[in-house]
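The residues making up each chain are set out below.
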Amino acid sequence: MSALRMQFLTLAVLVFIGIWLTGFSNAHWFLWVPVVLLLFATVTGICPGLLFWKKMGLKD
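All of the points below concern the structure found in this document. Treat the numbers as computed from the prediction; the structure is a model and nothing was measured.

### Quick notes on the nonpolar core
Working step 1: In this structure, Phe 8, Ala 12, Leu 38, Ala 41 and Cys 47 together form the largest nonpolar core, which totals 5 residues.
Working step 2: Elements that contribute at least two residues to this core include exactly helix 1 (3-22) and helix 2 (32-44).
Working step 3: Look past the residues within four positions of Ala 41 in its chain and what remains in contact with it is Arg 5, Phe 8, Ile 46, Cys 47 and Pro 48.

As structure tokens, this is what we get:
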């Protein structure tokens, strides 16, 4: 596993822990979006956020 994928996994786990500590019934559904996107990036190596910002004209 690369360092970038490990970073995605770490961030997803931290946000998930925050949702868990808040309470699954209290957390808004939108908080799940970064968790899902980061897990997708971890598994595939394709970061949707990075692709979006590159399309917007920013350079990495």
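Having put the structure on the table, let's press on.
### A short note on the packing of aromatic side chains
Working step 1: If you walk through the whole model with that rule in mind, you get 5 aromatic pairs.
Working step 2: Judged by centre distance (5.8 Å) and plane angle (45°), the rings of Phe 16 and Phe 24 are tilted.
Working step 3: Owing to a relative accessible area of 35%, Phe 16 belongs among the partly exposed residues under this scheme.
Working step 4: Here the aromatic rings of Phe 52 and Trp 53 are separated by 4.8 Å at their centres, their planes lie at 75°, and the arrangement is edge-to-face.
Working step 5: When its relative accessible area of 43% is taken as the criterion, Phe 52 is described as partly exposed.
Working step 6: Pairwise contacts between aromatic rings join Phe 16, Phe 24 and Trp 32 into one cluster.

Thresholds applied
Residues numbered from 1 in each chain as written. Predicted model: local features only at pLDDT ≥ 70, side-chain atom pairs only at ≥ 80, totals over all residues. Heavy atoms only, no water. Core = buried A, V, L, I, M, F, W, Y, C linked by side-chain atoms within 4.5 Å. Buried < 20%, exposed > 50% of the residue type's maximum accessible area, 1.4 Å probe, protein only. Helix = DSSP H or I, 4+ residues; strand = E, 2+ residues; numbered from the N terminus. Contact = heavy atoms within 4.5 Å. Phe/Tyr/Trp six-rings, centres within 6.5 Å; stacked < 30°, edge-to-face > 60°.

Note that all results are geometric; they support no functional claim without further evidence.
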